[in-house]
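# Examining the three-dimensional arrangement
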Amino acid sequence: MINLKTPVSDDEISNLNVGDKVSISGVMYTGRDAALPQLVDLIKKDKVNFDIKGLAIMHTAVSAAGIAPTTSNKEEIESTIPFLSEQGVKIHMGKGMLHDETIDALKENNSIFVITPPVAALLTSKVIEKECILFENEGMEAFYRLKVDNIPGIVAVSNGKSI
């Protein structure tokens, strides 16, 4: 198990390979269909007052039931991955298979895609703090900042290769 603490460095990401088991701690953001396209728009307008460089975004909603990954290759989610990687997001977490163009963009921006088990009880037990920071009107699909301790995953895309 490779322990990563956000913000992660380019060197840490470069040294990861497809199939590596990782454990992620520190600050992580959450977003999915409703929030991520809106986040991209805000970043393009320079209206985001927090830094995403070296951080992780998990493709999930946040509800009373907890967190668990959603399918990352939904158009509304996958279309944001190249831009967010270019802006400094290093770890995208979710489930599913990404398209070749997204894999290429991850390689170009030295970012990775990590799959994580869709087990809400396990993942939720790793959340130390949570705060809704954007798009509260989206309900459970709002954009959250989490402080996490040892969220498990497997590197599914790294250095232009895919599991």
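These remarks concern the structure in this document. (Residues numbered from 1 in each chain as written. Predicted model: local features only at pLDDT ≥ 70, side-chain atom pairs only at ≥ 80, totals over all residues. Heavy atoms only, no water.)

## Considerations on the side chain of Asn110
- Along the polypeptide, Asn110 turns up in the loop between helix H5 (100-108) and strand S5 (112-115).
- One polar contact links the side chain of Asn110 to the main-chain carbonyl oxygen of Asp10, over a distance of 3.0 Å.
- Leaving out residues up to four positions away in the same chain, Asn110 has contacts with Asp10, Ile13, Ser14 and Lys90. (Helix = DSSP H or I, 4+ residues; strand = E, 2+ residues; numbered from the N terminus. Polar contact = N/O pair within 3.5 Å; in protein donor to acceptor, adjacent residues only side chain to side chain. Contact = heavy atoms within 4.5 Å.)

## So, the pairing of S5
- As judged from the four bridges shared by strand S4 (residues 91-94) and S5, these two strands associate in the parallel manner. Counted as the bridge partner of Met93 is Val114 from S5.
- Handedness of the S4-H5-S5 crossover: right-handed. (Pairing = 2+ DSSP bridges. Right-handed = clockwise from strand over helix to strand, strands pointing away.)

## Observations concerning the packing of aromatic side chains
- Applying the stated criterion across every chain, the model contains three aromatic pairs.
- With 5.1 Å between their ring centres and 35° between their planes, Tyr29 and Phe50 make a pair best called tilted. Here the residue Tyr29 occupies a position in strand S2 (residues 21-30), and Phe50 occupies one in the loop between helix H2 (35-44) and strand S3 (56-58), the gap between them amounting to 21 residues. Exposure class is identical for Tyr29 and Phe50. Each is buried.
- For the pair Tyr29 and Phe143, a centre-to-centre distance of 5.3 Å together with 15° between the ring planes defines the contact as stacked. One end of the pair, Tyr29, is in strand S2; the other, Phe143, is in strand S7 (residues 143-158), with 114 residues separating them in the sequence. Each member of the pair, Tyr29 together with Phe143, is buried.
- Across from the ring centre of Phe83, 5.2 Å away, lies the NZ or CZ of Lys44, which sits over that ring.
- Against the face of Phe50 rests Arg145, its NZ or CZ located 5.9 Å from the ring centre. (Phe/Tyr/Trp six-rings, centres within 6.5 Å; stacked < 30°, edge-to-face > 60°. Buried < 20%, exposed > 50% of the residue type's maximum accessible area, 1.4 Å probe, protein only. Lys NZ or Arg CZ within 6 Å of the ring centre and 35° of its normal.)

In short, shape yes, function no, at least from these values alone.
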